[in-house]
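# Descriptive analysis of the structure
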Amino acid sequence: MQKLYQKSELLFSLAWILLYIVGSSIFDSIPAHICPEKACTLVFHLLLSAAMLAWIRKTGLMAYYGLC
């Protein structure tokens, strides 16, 4: 991830947007009898947000993105 970010911030952000769209589509299509409506998507979004926040903290970019 770090190499992609250093190469191009635009490509990095597009990769995360693509992951968000594909993941949301996959988790939205889970049948209701397996997971209550939108609950699986909520879990996916929370995990994705936590992963991104952890990466931002790890790389020391909190101030760069205004998360101080």
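Residues numbered from 1 in each chain as written. Predicted model: local features only at pLDDT ≥ 70, side-chain atom pairs only at ≥ 80, totals over all residues. Heavy atoms only, no water.

On to helix 2 (residues 9-28). For helix 2, spanning 20 residues, the distance from its first C-alpha to its last is 28 Å, which sits close to the expected 28 Å at 1.5 Å a residue. Summarising the contacts, the buried residues of helix 2 are in contact with helix 1 (2-7) and helix 3 (39-59). (Helix = DSSP H or I, 4+ residues; strand = E, 2+ residues; numbered from the N terminus. Expected span 1.5 Å × (residues − 1). Contact = heavy atoms within 4.5 Å.)

Our next topic: the packing of aromatic side chains. To describe a pair of aromatic rings, you give the distance between the ring centres and the angle between the ring planes. Within the structure shown, the criterion is met by six aromatic pairs. Geometrically, the ring pair formed by Tyr5 and Trp55 is edge-to-face, given 5.2 Å between the ring centres and 70° between the ring planes. Of this pair, Tyr5 sits in helix 1 while Trp55 is found in helix 3, placing the two residues 50 residues apart along the sequence. Residue classification places Tyr5 among the buried residues on the basis of a relative accessible area of 8%. The class of Trp55 is buried, set by a relative accessible area of 9%. Measuring from centroid to centroid gives 4.9 Å for Tyr64 and Tyr65, while their planes differ by 80°, and the two rings are edge-to-face. Judged by relative accessible area, Tyr65 falls into the partly exposed class, the value being 37%. These aromatic residues form a ring-pair network of at least three members: Tyr5, Phe12, Trp16 and Trp55. (Phe/Tyr/Trp six-rings, centres within 6.5 Å; stacked < 30°, edge-to-face > 60°. Buried < 20%, exposed > 50% of the residue type's maximum accessible area, 1.4 Å probe, protein only.)

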